[in-house]
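# Reading the structure
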Amino acid sequence: MNDQRDDSGNSESKTASAGPFILAVAIVALILGGIFVSSWMSPAEENVSEEDRISRVVADYVSAHNENDTKTLQTLTCANFDPETGPLADTEGDVEMQGINESVVSGDRATVDVRLSGGGQDQRVEVWTLTRDGEGWDICT
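Every value quoted in this text rests on a predicted model; they were computed, and no experiment measured them. (Residues numbered from 1 in each chain as written. Predicted model: local features only at pLDDT ≥ 70, side-chain atom pairs only at ≥ 80, totals over all residues. Heavy atoms only, no water.)

## Side note on the overall build of the protein
The helix and strand tally for the protein stands at 3 helices and 4 strands. Starting at the N terminus, the α and β elements of the protein follow one another as α-α-α-β-β-β-β. For the protein, the proportion of its 141 residues judged to be buried stands at 24%. For the protein, restricting intrachain contacts to residue pairs at least 6 apart in sequence, the fraction spanning at least 24 positions comes to 49%. Accessible surface computed for the protein: about 9,900 Å², of which carbon and sulfur atoms make up 52%. (Helix = DSSP H or I, 4+ residues; strand = E, 2+ residues; numbered from the N terminus. Buried < 20%, exposed > 50% of the residue type's maximum accessible area, 1.4 Å probe, protein only. Contact = heavy atoms within 4.5 Å. Areas by Shrake-Rupley, 256 points an atom, 1.4 Å probe, with all protein chains shown as cover.)

## Some points on the nonpolar core
The biggest cluster of nonpolar side chains holds 19 residues, and the ones touching the most others in it are Ile-54, Tyr-61, Leu-88, Leu-116, Trp-128, Leu-130 and Ile-139. Of all the elements in the fold, those that place two or more residues in this core are helix H2 (50–66), strand E2 (109–118), strand E3 (121–133) and strand E4 (136–140). (Core = buried A, V, L, I, M, F, W, Y, C linked by side-chain atoms within 4.5 Å.)

## Structural notes on H2
For H2, which comprises 17 residues, the first-to-last C-alpha distance of 24 Å matches the rise-based estimate of 24 Å (1.5 Å per residue) to within 8%. Residues of H2 that are buried include every one of Ile-54, Val-57, Val-58, Tyr-61, Val-62, Ala-64 and His-65, and no others. Relative to the axis of H2, the buried residues are bounded by an arc of 165° and lie together on one face. Looking at the packing, one finds that the buried side of H2 touches helix H3 (70–75), strand E1 (95–106), E2, E3 and E4. A positive phi of about 50° marks Asn-68, the residue just after H2. (Expected span 1.5 Å × (residues − 1). Arc of directions from axis to C-beta.)

## Quick look at the layout of surface pockets
Of the pockets and cavities examined, the largest pocket occupies roughly 330 Å³. If you go around the largest pocket, you meet 14 residues; those closest to its centre are Tyr-61, His-65, Leu-73, Phe-81 and Pro-83. Mapped by element, the contributors of at least two residues to the lining of the largest pocket are H2 and H3. Here the lining of the largest pocket is composed, by residue class, of 8 nonpolar, 5 polar and 1 charged. (1 Å grid on protein atoms, 1.4 Å probe; cavity = no way out; pocket = protein on both sides within 12 Å on 5 of 7 lines; lining within 4 Å. Points joined across faces, edges and corners; volume = space filled by probe spheres on them. Nonpolar A, V, L, I, M, F, W, Y, C, P; charged D, E, K, R; others polar.)

## Considering the sheet that holds E3
If you trace the 4 strands from one edge of the open sheet to the other, you get E1-E2-E3-E4, paired in antiparallel fashion. Strands with a single pairing partner mark the edges of an open sheet, and in this sheet they are E1 and E4. Across this sheet, the average inter-strand angle for adjacent strands is 35°, counted without regard to direction. Direction of pairing for E2 relative to E3: antiparallel, over a ladder of 9 bridges. Bridging across to E3, Val-114 finds its partner in Glu-126. On top of the sheet, H2 reaches E1, E2, E3 and E4; it is set at about 145° to E1, its chief contact. (Pairing = 2+ DSSP bridges. Axes fitted to C-alpha atoms, helices over the stretch in contact; angles between N-to-C directions.)

Function-wise, these values are silent; they only describe arrangement.
Dropping the structure here:
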């Protein structure tokens, strides 16, 4: 038996097998480049709708209310906001936001139908008024 191999044609197969690997690396690089350019041209914060922004402010307000976080409540409300007459003024205990039924944006103002439960009351829908503050929204009375 002869244990020696003929390696004379082996160098060609090694060179030929590098081509598909290089092609795969180039394709991955193009895909990653496309993703980078796409995210640079259209940042994620620009893809957030007004309804998303409004929903976020309402959820943050309910959370701050439940935690008695007056500093956060002040950042989420209008300058003339009166907590005695504002949303959740007549609630006792924690409130849970179930969702938003409808939001209507008209220029720099919006009204939102907020579904709530808890706080010493049955499930209910309240109409909240918001005002645009730059890119975000403030809750008003």
